[in-house]
Amino acid sequence: MTKPIAPLNITPVTERLSDAERHQRMANLSFGRTFTEHMVVIPYKDGAWQQGEVKPYGPLSLDPSASSLHYGQSIFEGFKAFAQPDGSVKTFRPEANAERFNRSARRLAMPDLPPELFMAAADALIDLDKDWVPKNVGESLYLRPLMIATDPFLGVRPALEYLFVLFASPAGAYFPSGVKPVSVWVSEDFVRAAPGGTGEAKCAGNYAASLVAQAQAQQKGCDQVVWLDAVERKFIEEMGGMNLFFVYQEQGKIILVTPELTGTLLPGITRLSLLQLAKDLGYEAEERKLSVQQWRDDIASGRMTEVFACGTAAVITPVGQVKANGFEMQINRGENGPVTMALRTALLGIQHGTTADTHHWMHTVA
Ligand SMILES: *Cc1c(COP(=O)(O)O)cnc(C)c1O
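Residues numbered from 1 in each chain as written. Predicted model: local features only at pLDDT ≥ 70, side-chain atom pairs only at ≥ 80, totals over all residues. Heavy atoms only, no water.

On to the pairing of strand β11 (residues 224-228), then. Within a regular strand, the side chains alternate between the two sheet faces. Of all 5 residues in β11, 4 are buried, a share of seventy percent or more. The pairing of strand β10 (residues 182-186) with β11 spans 3 bridges and is parallel. Residue pairing for β11: V186 is matched across the bridge by V226. In terms of handedness, the path from β10 via helix α5 (residues 204-219) over to β11 forms a crossover that is right-handed. In this structure, β11 lies alongside strand β12 (residues 236-239), joined through 2 bridges in antiparallel fashion. What sits directly across from L228, in β12, is I236. (Buried < 20%, exposed > 50% of the residue type's maximum accessible area, 1.4 Å probe, protein only. Helix = DSSP H or I, 4+ residues; strand = E, 2+ residues; numbered from the N terminus. Pairing = 2+ DSSP bridges. Right-handed = clockwise from strand over helix to strand, strands pointing away.)

Helix α8 (residues 338-351) packs onto helix α6 (residues 269-280) with a crossing angle of 110 degrees between their chain directions and a minimal axis gap of 11 Å. With respect to their mutual orientation, α6 and α8 come out roughly perpendicular. Each of T270, L274, L277 and A278 in α6 lies in contact with α8, whose residues at this interface are L343, A346, L347 and I350. Per-class residue counts for the contact of α6 with α8 are 7 nonpolar, 1 polar and no charged. (Axes fitted to C-alpha atoms, helices over the stretch in contact; angles between N-to-C directions. Parallel < 35°, antiparallel > 145°, perpendicular 65-115°, else oblique. Contact = heavy atoms within 4.5 Å. Nonpolar A, V, L, I, M, F, W, Y, C, P; charged D, E, K, R; others polar.)

Domain annotation for the protein reports domain 1 (9-171) and domain 2 (182-351). On the side of domain 2, 19 residues touch domain 1, which itself brings 20 residues to the contact. Carbon and sulfur atoms make up 63% of the area that domain 1 and domain 2 hide from each other, which totals about 1700 Å². For the domain 1 face of the interface with domain 2, the top three residues by lost area are F76, F92 and R100, together amounting to 34%. Remark: the boundary between domain 1 and domain 2 carries 0 salt bridges. The tally of links from domain 1 across to domain 2 stands at 10 residue pairs in polar contact (both at pLDDT 80 or more). Those elements giving two or more residues to the side of domain 1 that touches domain 2 turn out to be β5 (74-76), β6 (79-83) and α3 (94-107). For the side of domain 1 that touches domain 2, the element with the most residues is α3, which contributes 6 residues. Here the residues of the side of domain 1 that touches domain 2 sort into 9 nonpolar, 5 polar and 6 charged. (Domains from an automatic or database assignment. Buried area = accessible area lost by both parts, 1.4 Å probe. Salt bridge = Lys/Arg side-chain N within 4 Å of Asp/Glu carboxyl O. Polar contact = N/O pair within 3.5 Å; in protein donor to acceptor, adjacent residues only side chain to side chain.)

What follows concerns the layout of surface pockets. Here the largest pocket defines a volume of roughly 820 Å³. As for the largest pocket, its lining consists of 36 residues, and the residues nearest its centre are Y207, G240, G241, M242 and A313. Secondary-structure elements contributing two or more residues to the lining of the largest pocket are β8 (140-149), α5, β11, β12, β13 (242-250), α6 and β16 (304-311). Along the lines of polarity and charge, the residues of the lining of the largest pocket split into 17 nonpolar, 13 polar and 6 charged. Shared between two domains, the lining of the largest pocket takes at least three residues from each, and those domains are domain 1 (9-171) and domain 2 (182-351). (1 Å grid on protein atoms, 1.4 Å probe; cavity = no way out; pocket = protein on both sides within 12 Å on 5 of 7 lines; lining within 4 Å. Points joined across faces, edges and corners; volume = space filled by probe spheres on them.)

Moving on to the site of the ligand. With respect to spatial proximity, 14 residues lie near the ligand, and among them K202, Y207, E238, T270 and T312 are the closest. The side chain of R100 places a nitrogen or oxygen atom 2.8 Å from an oxygen atom of the ligand. Contacts to the ligand include I269, whose backbone N or O atom sits 2.8 Å from an oxygen atom. Bound to the protein, the ligand loses 96% of the 380 Å² it would expose on its own. If you map the ligand onto the pockets, it falls in the largest pocket. Contributions of two or more residues to the shell around the ligand are made by β13 and α6. (Near = heavy atom within 4 Å. Areas by Shrake-Rupley, 256 points an atom, 1.4 Å probe, with all protein chains shown as cover. Sits in = over half its atoms within 2 Å of the grid points.)

What follows covers α6. Over its 12 residues, α6 extends 17 Å from the first C-alpha to the last, a length consistent with the 16 Å expected when each residue adds 1.5 Å. The positive-phi residue at the C-terminal boundary of α6 is G282, with phi of around 90 degrees. (Expected span 1.5 Å × (residues − 1).)

Attention shifts here to the side chain of D151. Locating D151 in the fold gives a position in the loop between β8 and β9 (162-171). Here D151 falls in the buried class, since its relative accessible area comes to 4%. At a separation of 2.9 Å, a polar atom in the side chain of D151 contacts the main-chain amide nitrogen of L160. Of the polar contacts made by the side chain of D151, one reaches the backbone nitrogen of E161; its length is 2.5 Å. Non-local contacts of D151, meaning those with residues more than four positions away in its chain, are made with S65, A66, S67, R157, A159, L160 and E161.

Structure representation (C-alpha coordinates):
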(Lines give C-alpha, C1' and ligand atoms only; values in the text may rest on other atoms or scores of the structure.)
Protein backbone atom coordinates (compact mmCIF):
# COMPACT_ATOMS: atom_id res chain seq x y z
CA MET A 1 0.00 0.00 0.00
CA THR A 2 1.40 3.38 -0.95
CA LYS A 3 0.30 6.37 1.05
CA PRO A 4 -1.30 9.25 -0.87
CA ILE A 5 1.18 12.04 -1.58
CA ALA A 6 0.80 14.94 0.83
CA PRO A 7 0.84 18.31 -0.95
CA LEU A 8 4.07 20.23 -0.50
CA ASN A 9 4.06 23.11 1.96
CA ILE A 10 4.78 26.31 0.10
CA THR A 11 6.72 29.08 1.85
CA PRO A 12 7.54 31.70 -0.79
CA VAL A 13 10.25 34.34 -0.48
CA THR A 14 9.03 37.32 1.53
CA GLU A 15 9.69 39.66 -1.35
CA ARG A 16 9.94 38.59 -4.97
CA LEU A 17 12.58 40.07 -7.21
CA SER A 18 11.31 42.95 -9.32
CA ASP A 19 10.75 42.27 -13.02
CA ALA A 20 13.73 44.51 -13.77
CA GLU A 21 16.02 42.59 -11.41
CA ARG A 22 14.89 39.22 -12.78
CA HIS A 23 15.33 40.39 -16.38
CA GLN A 24 18.82 41.56 -15.53
CA ARG A 25 19.69 38.15 -14.05
CA MET A 26 18.24 36.46 -17.11
CA ALA A 27 20.18 38.57 -19.61
CA ASN A 28 23.11 36.71 -21.22
CA LEU A 29 22.10 33.33 -19.81
CA SER A 30 24.70 30.60 -19.95
CA PHE A 31 24.32 27.14 -18.42
CA GLY A 32 23.99 26.50 -14.70
CA ARG A 33 24.95 29.85 -13.20
CA THR A 34 21.62 31.53 -12.51
CA PHE A 35 19.06 30.00 -10.16
CA THR A 36 15.42 30.79 -9.55
CA GLU A 37 13.99 32.08 -6.27
CA HIS A 38 12.75 28.77 -4.84
CA MET A 39 13.72 25.15 -4.33
CA VAL A 40 12.05 21.98 -3.07
CA VAL A 41 13.39 19.94 -0.15
CA ILE A 42 11.92 16.62 1.03
CA PRO A 43 13.62 14.77 3.89
CA TYR A 44 13.59 11.01 4.30
CA LYS A 45 13.87 9.39 7.74
CA ASP A 46 12.36 6.58 9.79
CA GLY A 47 11.90 4.66 6.56
CA ALA A 48 9.61 7.22 4.91
CA TRP A 49 9.53 10.46 2.94
CA GLN A 50 8.50 13.30 5.25
CA GLN A 51 6.54 16.48 4.56
CA GLY A 52 8.11 18.29 1.61
CA GLU A 53 8.56 22.00 1.29
CA VAL A 54 8.95 24.59 -1.43
CA LYS A 55 11.03 27.37 0.07
CA PRO A 56 13.41 30.20 -0.80
CA TYR A 57 16.48 29.03 -2.74
CA GLY A 58 19.56 28.97 -0.54
CA PRO A 59 22.37 26.96 1.05
CA LEU A 60 21.68 23.59 2.67
CA SER A 61 22.84 22.85 6.17
CA LEU A 62 24.62 19.49 6.53
CA ASP A 63 26.38 17.77 9.38
CA PRO A 64 30.09 17.41 8.50
CA SER A 65 29.72 13.67 9.09
CA ALA A 66 26.85 13.41 6.56
CA SER A 67 27.71 10.26 4.66
CA SER A 68 27.11 11.71 1.16
CA LEU A 69 30.15 13.94 1.77
CA HIS A 70 32.37 10.92 2.48
CA TYR A 71 31.05 7.91 0.65
CA GLY A 72 29.26 9.49 -2.28
CA GLN A 73 25.70 8.30 -1.84
CA SER A 74 24.55 11.05 -4.16
CA ILE A 75 22.46 10.95 -7.34
CA PHE A 76 20.97 13.56 -9.65
CA GLU A 77 18.81 14.13 -12.72
CA GLY A 78 18.39 16.82 -15.33
CA PHE A 79 15.39 17.77 -17.46
CA LYS A 80 13.90 20.91 -18.97
CA ALA A 81 10.76 23.05 -19.01
CA PHE A 82 9.94 25.02 -22.14
CA ALA A 83 7.75 28.08 -22.70
CA GLN A 84 5.05 27.20 -25.23
CA PRO A 85 3.63 29.45 -27.97
CA ASP A 86 0.26 29.62 -26.10
CA GLY A 87 1.95 30.95 -22.94
CA SER A 88 1.85 27.65 -21.05
CA VAL A 89 4.91 25.81 -19.72
CA LYS A 90 5.65 22.14 -20.45
CA THR A 91 8.36 19.75 -19.33
CA PHE A 92 9.95 17.14 -21.63
CA ARG A 93 9.43 13.52 -20.50
CA PRO A 94 9.74 14.19 -16.74
CA GLU A 95 8.26 10.75 -15.91
CA ALA A 96 11.26 9.17 -17.63
CA ASN A 97 13.58 11.16 -15.37
CA ALA A 98 11.57 10.17 -12.30
CA GLU A 99 11.95 6.50 -13.25
CA ARG A 100 15.65 6.79 -13.99
CA PHE A 101 16.14 8.64 -10.69
CA ASN A 102 14.78 5.57 -8.91
CA ARG A 103 16.96 3.20 -10.91
CA SER A 104 19.98 5.30 -9.87
CA ALA A 105 18.72 5.32 -6.27
CA ARG A 106 18.46 1.52 -6.16
CA ARG A 107 22.01 1.08 -7.51
CA LEU A 108 23.32 3.29 -4.71
CA ALA A 109 21.18 1.60 -2.03
CA MET A 110 19.06 4.72 -1.62
CA PRO A 111 15.26 4.81 -1.20
CA ASP A 112 12.88 5.20 -4.14
CA LEU A 113 11.09 8.52 -4.42
CA PRO A 114 7.48 7.98 -5.58
CA PRO A 115 7.36 9.28 -9.18
CA GLU A 116 4.18 11.23 -8.30
CA LEU A 117 6.16 13.09 -5.64
CA PHE A 118 8.98 13.82 -8.12
CA MET A 119 6.40 15.17 -10.58
CA ALA A 120 4.52 17.15 -7.92
CA ALA A 121 7.77 18.73 -6.72
CA ALA A 122 8.73 19.80 -10.25
CA ASP A 123 5.26 21.12 -11.08
CA ALA A 124 5.05 23.11 -7.83
CA LEU A 125 8.49 24.67 -8.29
CA ILE A 126 7.98 25.55 -11.95
CA ASP A 127 4.55 26.99 -11.23
CA LEU A 128 5.91 29.23 -8.47
CA ASP A 129 8.94 30.31 -10.55
CA LYS A 130 7.11 30.44 -13.90
CA ASP A 131 8.45 33.92 -14.65
CA TRP A 132 11.93 32.38 -14.78
CA VAL A 133 11.13 30.19 -17.80
CA PRO A 134 12.95 31.88 -20.70
CA LYS A 135 10.85 32.54 -23.80
CA ASN A 136 13.28 32.30 -26.73
CA VAL A 137 13.85 29.25 -28.92
CA GLY A 138 16.83 27.27 -27.65
CA GLU A 139 16.29 28.53 -24.10
CA SER A 140 14.66 26.60 -21.27
CA LEU A 141 14.35 26.22 -17.53
CA TYR A 142 16.72 23.41 -16.51
CA LEU A 143 15.51 21.34 -13.53
CA ARG A 144 18.06 19.69 -11.30
CA PRO A 145 16.73 17.05 -8.85
CA LEU A 146 19.20 15.37 -6.53
CA MET A 147 19.27 13.05 -3.53
CA ILE A 148 22.00 12.92 -0.90
CA ALA A 149 22.58 10.80 2.20
CA THR A 150 22.44 13.02 5.28
CA ASP A 151 23.10 10.53 8.10
CA PRO A 152 25.51 12.02 10.64
CA PHE A 153 27.41 8.73 10.89
CA LEU A 154 30.87 7.70 9.70
CA GLY A 155 30.18 3.99 9.38
CA VAL A 156 30.07 2.62 5.85
CA ARG A 157 26.56 1.35 5.19
CA PRO A 158 23.48 2.62 3.33
CA ALA A 159 22.36 5.77 5.14
CA LEU A 160 19.08 5.92 7.02
CA GLU A 161 18.41 9.60 6.28
CA TYR A 162 18.34 11.40 2.94
CA LEU A 163 17.40 14.70 1.43
CA PHE A 164 15.71 15.16 -1.93
CA VAL A 165 16.38 18.61 -3.38
CA LEU A 166 15.06 20.16 -6.57
CA PHE A 167 16.06 23.53 -7.94
CA ALA A 168 15.86 25.26 -11.30
CA SER A 169 18.17 27.25 -13.51
CA PRO A 170 17.19 29.29 -16.56
CA ALA A 171 19.45 28.14 -19.38
CA GLY A 172 20.43 30.03 -22.51
CA ALA A 173 20.97 28.55 -25.95
CA TYR A 174 23.81 26.04 -25.67
CA PHE A 175 25.37 27.38 -28.88
CA PRO A 176 24.70 31.14 -28.65
CA SER A 177 26.48 31.82 -31.92
CA GLY A 178 25.02 28.86 -33.82
CA VAL A 179 25.59 25.10 -33.67
CA LYS A 180 29.24 24.19 -34.17
CA PRO A 181 30.83 20.71 -34.22
CA VAL A 182 33.04 19.63 -31.32
CA SER A 183 36.32 17.73 -31.43
CA VAL A 184 36.76 14.58 -29.33
CA TRP A 185 39.64 12.69 -27.76
CA VAL A 186 39.29 8.89 -27.53
CA SER A 187 40.52 8.03 -24.03
CA GLU A 188 42.66 4.92 -23.65
CA ASP A 189 44.06 5.92 -20.26
CA PHE A 190 40.79 6.25 -18.34
CA VAL A 191 37.45 4.45 -18.24
CA ARG A 192 34.09 5.87 -17.17
CA ALA A 193 32.32 2.65 -16.24
CA ALA A 194 33.08 -1.03 -15.81
CA PRO A 195 30.67 -4.00 -15.94
CA GLY A 196 28.89 -4.31 -12.62
CA GLY A 197 29.82 -0.74 -11.69
CA THR A 198 27.71 2.41 -11.54
CA GLY A 199 27.83 3.44 -15.21
CA GLU A 200 24.07 3.18 -15.66
CA ALA A 201 23.35 5.31 -12.61
CA LYS A 202 23.37 9.11 -12.70
CA CYS A 203 25.54 9.36 -9.61
CA ALA A 204 27.90 12.12 -8.56
CA GLY A 205 30.91 9.81 -8.38
CA ASN A 206 30.80 8.99 -12.09
CA TYR A 207 31.35 12.64 -12.85
CA ALA A 208 34.13 13.05 -10.27
CA ALA A 209 35.95 10.13 -11.91
CA SER A 210 35.56 11.65 -15.39
CA LEU A 211 37.22 15.00 -14.74
CA VAL A 212 40.86 14.03 -15.31
CA ALA A 213 39.95 12.34 -18.60
CA GLN A 214 38.14 15.49 -19.70
CA ALA A 215 41.18 17.55 -18.69
CA GLN A 216 43.42 15.22 -20.73
CA ALA A 217 41.13 15.62 -23.75
CA GLN A 218 41.55 19.37 -23.46
CA GLN A 219 45.33 19.03 -23.22
CA LYS A 220 45.16 17.12 -26.49
CA GLY A 221 43.36 20.07 -28.01
CA CYS A 222 39.88 18.50 -27.96
CA ASP A 223 36.59 19.72 -26.53
CA GLN A 224 35.34 16.41 -25.12
CA VAL A 225 36.41 12.90 -24.14
CA VAL A 226 35.05 9.71 -25.77
CA TRP A 227 34.84 6.67 -23.50
CA LEU A 228 35.63 3.11 -24.53
CA ASP A 229 34.45 -0.09 -22.89
CA ALA A 230 36.50 -0.97 -19.83
CA VAL A 231 37.21 -4.61 -20.70
CA GLU A 232 38.51 -4.61 -24.28
CA ARG A 233 39.05 -0.85 -24.69
CA LYS A 234 37.68 -1.37 -28.16
CA PHE A 235 34.02 -0.39 -28.28
CA ILE A 236 32.71 3.17 -28.22
CA GLU A 237 30.46 3.98 -25.26
CA GLU A 238 29.69 7.69 -24.91
CA MET A 239 31.05 11.22 -25.12
CA GLY A 240 31.61 13.01 -21.80
CA GLY A 241 28.10 13.18 -20.35
CA MET A 242 26.28 12.58 -23.64
CA ASN A 243 25.31 9.56 -25.77
CA LEU A 244 26.64 9.15 -29.32
CA PHE A 245 24.98 8.48 -32.68
CA PHE A 246 26.66 7.48 -35.96
CA VAL A 247 24.94 8.20 -39.28
CA TYR A 248 25.34 5.87 -42.28
CA GLN A 249 24.10 6.52 -45.81
CA GLU A 250 23.83 3.48 -48.01
CA GLN A 251 21.83 2.80 -51.16
CA GLY A 252 19.55 5.74 -50.52
CA LYS A 253 18.90 4.69 -46.94
CA ILE A 254 19.85 6.66 -43.83
CA ILE A 255 20.75 4.44 -40.88
CA LEU A 256 21.47 5.66 -37.37
CA VAL A 257 23.61 3.54 -35.09
CA THR A 258 23.98 4.16 -31.37
CA PRO A 259 25.98 1.99 -28.94
CA GLU A 260 23.72 -0.58 -27.29
CA LEU A 261 23.02 -0.34 -23.56
CA THR A 262 25.40 -2.91 -22.14
CA GLY A 263 25.08 -1.82 -18.51
CA THR A 264 28.02 0.55 -18.65
CA LEU A 265 26.30 3.31 -20.63
CA LEU A 266 24.02 5.92 -19.17
CA PRO A 267 20.59 5.33 -20.76
CA GLY A 268 19.89 8.86 -22.04
CA ILE A 269 16.33 10.05 -22.49
CA THR A 270 17.46 12.16 -25.44
CA ARG A 271 19.01 8.98 -26.94
CA LEU A 272 15.73 7.10 -26.45
CA SER A 273 13.73 9.96 -27.98
CA LEU A 274 16.03 10.19 -31.01
CA LEU A 275 15.72 6.45 -31.70
CA GLN A 276 11.98 7.13 -32.08
CA LEU A 277 12.32 10.44 -33.96
CA ALA A 278 14.74 8.84 -36.43
CA LYS A 279 12.01 6.38 -37.42
CA ASP A 280 9.46 9.22 -37.65
CA LEU A 281 11.78 10.96 -40.12
CA GLY A 282 12.06 7.79 -42.23
CA TYR A 283 15.53 6.74 -41.08
CA GLU A 284 16.46 3.32 -39.77
CA ALA A 285 17.87 3.11 -36.25
CA GLU A 286 19.96 0.39 -34.66
CA GLU A 287 21.44 -0.18 -31.22
CA ARG A 288 24.62 -2.19 -31.43
CA LYS A 289 28.29 -2.29 -30.54
CA LEU A 290 30.66 -0.21 -32.65
CA SER A 291 34.43 -0.48 -32.37
CA VAL A 292 36.92 2.33 -32.86
CA GLN A 293 38.41 0.38 -35.78
CA GLN A 294 34.98 0.16 -37.44
CA TRP A 295 34.49 3.88 -36.84
CA ARG A 296 37.78 4.59 -38.63
CA ASP A 297 37.02 2.22 -41.51
CA ASP A 298 33.50 3.53 -42.05
CA ILE A 299 34.63 7.16 -42.08
CA ALA A 300 37.46 6.25 -44.47
CA SER A 301 35.12 4.40 -46.85
CA GLY A 302 32.56 7.21 -46.73
CA ARG A 303 29.73 4.93 -45.49
CA MET A 304 29.56 6.88 -42.24
CA THR A 305 28.70 10.47 -43.00
CA GLU A 306 27.95 12.13 -39.65
CA VAL A 307 28.46 11.68 -35.92
CA PHE A 308 26.68 13.54 -33.14
CA ALA A 309 26.26 13.47 -29.38
CA CYS A 310 22.99 14.02 -27.54
CA GLY A 311 21.84 14.89 -24.04
CA THR A 312 19.39 17.13 -22.21
CA ALA A 313 21.70 20.12 -21.78
CA ALA A 314 23.03 20.52 -25.33
CA VAL A 315 20.23 18.57 -27.12
CA ILE A 316 22.36 17.54 -30.16
CA THR A 317 26.01 18.41 -30.74
CA PRO A 318 27.74 17.48 -34.01
CA VAL A 319 31.15 15.82 -33.76
CA GLY A 320 33.52 17.19 -36.40
CA GLN A 321 36.90 15.80 -35.45
CA VAL A 322 38.25 12.71 -33.67
CA LYS A 323 41.73 12.34 -32.21
CA ALA A 324 43.30 9.34 -30.50
CA ASN A 325 46.69 7.82 -29.84
CA GLY A 326 47.87 7.11 -33.37
CA PHE A 327 45.17 8.62 -35.56
CA GLU A 328 43.15 11.70 -36.30
CA MET A 329 40.17 12.12 -38.63
CA GLN A 330 37.63 14.65 -39.75
CA ILE A 331 33.93 13.88 -40.02
CA ASN A 332 31.80 15.57 -42.67
CA ARG A 333 34.70 18.03 -43.28
CA GLY A 334 34.20 19.31 -39.73
CA GLU A 335 30.79 20.74 -40.61
CA ASN A 336 27.24 20.28 -39.29
CA GLY A 337 25.57 17.39 -41.14
CA PRO A 338 22.03 17.45 -42.59
CA VAL A 339 20.75 14.39 -40.67
CA THR A 340 22.13 15.76 -37.39
CA MET A 341 20.46 19.10 -37.99
CA ALA A 342 17.15 17.56 -39.12
CA LEU A 343 16.93 15.55 -35.89
CA ARG A 344 17.88 18.61 -33.85
CA THR A 345 15.15 20.70 -35.49
CA ALA A 346 12.59 17.91 -35.00
CA LEU A 347 13.35 17.51 -31.29
CA LEU A 348 13.48 21.25 -30.57
CA GLY A 349 10.18 21.68 -32.47
CA ILE A 350 8.42 19.25 -30.14
CA GLN A 351 10.01 20.78 -27.04
CA HIS A 352 9.12 24.34 -27.99
CA GLY A 353 5.61 23.38 -29.08
CA THR A 354 6.00 24.30 -32.75
CA THR A 355 5.68 20.68 -33.97
CA ALA A 356 2.95 18.18 -33.04
CA ASP A 357 3.82 16.13 -29.95
CA THR A 358 2.66 12.83 -31.44
CA HIS A 359 4.35 10.70 -28.77
CA HIS A 360 2.89 12.69 -25.84
CA TRP A 361 6.30 13.51 -24.47
CA MET A 362 5.35 16.97 -23.18
CA HIS A 363 3.85 17.35 -19.71
CA THR A 364 1.77 20.47 -19.02
CA VAL A 365 2.88 22.23 -15.84
CA ALA A 366 1.29 25.62 -15.84
C1 LIG B 1 22.77 12.43 -18.24
C2 LIG B 1 23.76 11.71 -19.06
C3 LIG B 1 23.54 11.45 -20.43
C4 LIG B 1 22.38 12.00 -21.21
O5 LIG B 1 21.13 11.66 -20.71
P6 LIG B 1 19.85 12.52 -21.10
O7 LIG B 1 18.74 11.86 -20.37
O8 LIG B 1 19.70 12.46 -22.56
O9 LIG B 1 20.12 13.92 -20.63
C10 LIG B 1 24.48 10.68 -21.11
N11 LIG B 1 25.60 10.24 -20.49
C12 LIG B 1 25.84 10.50 -19.20
C13 LIG B 1 27.09 9.97 -18.59
C14 LIG B 1 24.94 11.23 -18.44
O15 LIG B 1 25.20 11.48 -17.15
